[in-house]
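# Architecture and fold: a report
Here is what each chain is made of, one letter per residue.
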Amino acid sequence: MSDETSALAEIEKHREKIDEIDRQLVALLNKRASHSLVIRGLKPDAHMGLYDARREEEIFEKIASYNEGPLYNEYLRAIYETILRVSKETPSV
């Protein structure tokens, strides 16, 4: 087997793993969104505003504490800022 063939086979293996991880990530993001929507619906009864800056900072601190790399904390924060923004924009069902 040539180096090129070997490299292509290795790339394909990693792409298959990435596809599986992406499938899991989509399922987890949808689960997270479902919980977020339930919380959003409960907040008025709990006399809470829809936006809680303190809670968002807690989330950012927690994800930084979970991080073992190779992603930098600021990259994870950017990802989570997008997740939180999209959660706020997702219509209730």
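Our subject in this report is the structure included herewith.

Conventions and cut-offs
Residues numbered from 1 in each chain as written. Predicted model: local features only at pLDDT ≥ 70, side-chain atom pairs only at ≥ 80, totals over all residues. Heavy atoms only, no water. Patch = residues over 30% accessible without salt bridge, like charges linked within 9 Å, V, L, I, M, F, W, Y side chains within 5 Å. Areas by Shrake-Rupley, 256 points an atom, 1.4 Å probe, with all protein chains shown as cover. Salt bridge = Lys/Arg side-chain N within 4 Å of Asp/Glu carboxyl O. Lys, Arg positive; Asp, Glu negative; His and termini not counted. Charge placed at Lys NZ, Arg CZ, Asp CG, Glu CD. Helix = DSSP H or I, 4+ residues; strand = E, 2+ residues; numbered from the N terminus. Expected span 1.5 Å × (residues − 1). Buried < 20%, exposed > 50% of the residue type's maximum accessible area, 1.4 Å probe, protein only. Arc of directions from axis to C-beta. Contact = heavy atoms within 4.5 Å. Polar contact = N/O pair within 3.5 Å; in protein donor to acceptor, adjacent residues only side chain to side chain. Axes fitted to C-alpha atoms, helices over the stretch in contact; angles between N-to-C directions. Parallel < 35°, antiparallel > 145°, perpendicular 65-115°, else oblique. Left-handed = near helix turned anticlockwise from the far one by under 90°. Nonpolar A, V, L, I, M, F, W, Y, C, P; charged D, E, K, R; others polar.

Turning our attention to a negative patch on the surface. Together, Glu12, Glu16, Asp19 and Asp22 give the surface a local cluster of negative charge. Among the secondary structure elements, Glu16 is positioned in helix H1 (residues 3–42).

Moving on, we get to helix H2 (residues 53–66). Here H2 spans 20 Å end to end across 14 residues, near enough to the 20 Å set by a 1.5 Å rise per residue. Within H2, the full set of buried residues consists of Glu56, Ile59, Phe60 and Ile63. With its buried residues spanning 95° around the axis, H2 presents them on a single face. Turned more than 90 degrees away from the buried face of H2, the exposed residues are Arg54, Glu61 and Ser65. The elements touched by buried residues of H2 are H1 and helix H3 (73–89). If you check the start of H2, you find a side-chain oxygen 3.2 Å away from the backbone N of Arg54, and it comes from Asp52.

Each pair of packed helices can be described by the angle between their axes along with the distance between the axes. For the pair H1 and H3, interaxial distance at closest approach is 10 Å and the crossing angle is 50°. By the angle between their directions, the pair H1 and H3 is classed as oblique. Note that H1 runs across H3; the crossing there is right-handed. Here Leu29, Arg32, Ser36 and Arg40 of H1 come into contact with H3, specifically with Tyr80, Ile83, Leu84, Ser87 and Lys88. Each residue belonging to the contact of H1 with H3 can be placed in one class, and the counts come to four nonpolar, two polar and three charged.

The next thing to look at is the packing of H2 against H3. Two elements in contact, H2 and H3, have axes separated by 10 Å at closest approach and are oriented at 140°. Between H2 and H3, the angle falls in the class oblique. In terms of crossing hand, the pair formed by H2 and H3 is right-handed. Along its contact with H2, which presents Glu56, Glu57, Ile59, Phe60, Ile63 and Ala64, the element H3 presents Asn73, Leu76, Arg77, Tyr80, Glu81, Leu84 and Lys88. Taken together, the residues of the contact of H2 with H3 sort by class into seven nonpolar, one polar and five charged.

Once that is clear, we can look at the environment of Ile39. Topologically, Ile39 is positioned in helix H1. When the C-alpha atoms of Ile39 and Leu50 are compared, they prove to be 9.1 Å apart, with eleven residues separating the residues in sequence.

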